[in-house]
Amino acid sequence: MNKREKTIVTLPGDGIGSIVLEEALRVLDRAGFSANYVEGDIGWEYWRREGNPLPERTISLLEKHRIGLFGAITSKPKEEAAAELDPALQEKGLVYSSPIVGLRQHFNLDICIRPCRTYKGNPLNFIRRGRDGKIEEPEIDVVIFRQNTEGLYGGVEWSNPPDLVYRALASHPKFVKNFGNTPREELSVSTRIFTRKATERILRAAFDYAKKYGYRSVTVCEKPNVIRETSGMMYAMARQLQASDYPGIELWNTNIDAQMMWLTKNPETYGVIVAGNMFGDIVSDGFAGLIGGLGFACSANLGEGIALFEPTHGSAPKYAGYPVSIVNPVAMIESACMMLDHLGEEQTAGRIRQAIAAVIQEGKVRTYDMMKLPGSSDVSKKGAASTRQITDAIIQHL
Ligand code: IPM
Ligand code: MN
């Protein structure tokens, strides 16, 4: 172990997580980036064996090293998860919750950045018919800033709410009017709490990024016309901030529903987009779909003095057991590039991104998704590259 080097906590997680993570590490290494890596236990295996998908020792590792590279995680609904517990752990009232959401909460990784940029020559790029009937392929360069800890992900929720909560709700005239006649046992409540502090942090992060990288606009994508308190607060704060600190950047305001419609009309119009947790989750999948889907979607989760990088795809369990893996590692490698940027290794990150772009543009080495094939173990016979082959091609271009 080299003392001067940064130590990075690798968190392969479930399914294809470990496969794509290994490839990303290979690219980092071949690009000349070196670090110490320590692996953290996380995911389904630990849920089944220990009743906790995010063991305390993993938290400690991150606490110590402050930087993580995460693969993917399997999540299942409450009952299904409980049924898979080790028999010795059953009936103990253990409740499964997503360890990635847990990490975001525990370390207050409140800023999530999700860039969605078109790779030229990607057969999965969104196309549309233009005014003259010609096919257009808009170039998308959107960076989504998702508030990562609050809102609907805050975990403050009840079914059959307890007395105190019920009484508090009943003090609101709208509650009395709309829900007053519903028996309490028939109520489920999930709260959407925004704080000024976290809202300001995500807004500032978005504006600072737009300023630093020369984006013309920041779009607040919420629903302030209906969700007046939370969305309303975010938009009002954005207006103030823009006026006082970012006069050179335009502030736009879209509603999440309309934004999803405009996705296919004018996605190239948008630059930086900022949203609360749930709408940020939605809009980032929406834009990812235009640039090739989750195989291309990377992300950073940033807190104060701590960062965790992850592809936004899941663990794709059905592809995990293939003797030769076919999944697309680009999202994971791109997430590793975001980590390099964060560590001040922008040049190395840039070289890797160029290599990915070259492989995609050449079009000789393509994973099954890029060939629009259904995923199956015989895609190589149809000319699809394996996970390893496309990684090799990227490495060759470095
Ligand atoms: C994401 C995912 C997660 C989320 C899931 C896996 C809990 O969809 O990172 O976007 O909802 O945040
Ligand atoms: Mn998501």
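Procedures and definitions
Residues numbered from 1 in each chain as written. Chains lettered and ligands numbered in written order. Predicted model: local features only at pLDDT ≥ 70, side-chain atom pairs only at ≥ 80, totals over all residues. Heavy atoms only, no water. 1 Å grid on protein atoms, 1.4 Å probe; cavity = no way out; pocket = protein on both sides within 12 Å on 5 of 7 lines; lining within 4 Å. Points joined across faces, edges and corners; volume = space filled by probe spheres on them. Nonpolar A, V, L, I, M, F, W, Y, C, P; charged D, E, K, R; others polar. Helix = DSSP H or I, 4+ residues; strand = E, 2+ residues; numbered from the N terminus. Near = heavy atom within 4 Å. Polar contact = N/O pair within 3.5 Å; in protein donor to acceptor, adjacent residues only side chain to side chain. Areas by Shrake-Rupley, 256 points an atom, 1.4 Å probe, with all protein chains shown as cover. Domains from an automatic or database assignment.

A. How the structure looks around the layout of surface pockets. For the largest pocket, the calculated volume is near 950 Å³. Around the largest pocket, the lining comprises 33 residues; the ones closest to its centre are Arg117, Tyr209, Tyr213, Met338 and Asp341. Considered class by class, the residues forming the lining of the largest pocket number 19 nonpolar, 4 polar and 10 charged. Roughly 680 Å³ of volume is contained in the second largest pocket. Lining of the second largest pocket is provided by 18 residues; of these, Leu169, His172, Lys174, Phe179 and Ser190 occupy positions nearest its centre. If you list the elements that add at least two residues to the lining of the second largest pocket, you get α6 (163-170), α7 (173-179) and β9 (188-190). Looking at the lining of the second largest pocket, the element that brings in the most residues is α7, giving 4 residues. Partitioned by chemical class, the residues of the lining of the second largest pocket number 8 nonpolar, 6 polar and 4 charged.

B. Looking closely at the site of ligand 1. In the vicinity of ligand 1, the residues found are Ser98, Val101, Arg104, Arg114, Arg146, Tyr153 and Asp281. Interatomic distance of 2.7 Å between a side-chain N/O atom of Arg114 and an oxygen atom of ligand 1. Considering ligand 1 on its own, with 320 Å² of exposed area, one finds that the protein chains cover 72% of that surface. The residue inventory of the shell around ligand 1, partitioned by class, reads 2 nonpolar, 1 polar and 4 charged. No fewer than three residues from each of domain 1 (1-112 + 302-398) and domain 2 (126-154 + 192-290) sit in the shell around ligand 1.

Take it as geometry only, folks, not as evidence of what the structure does.
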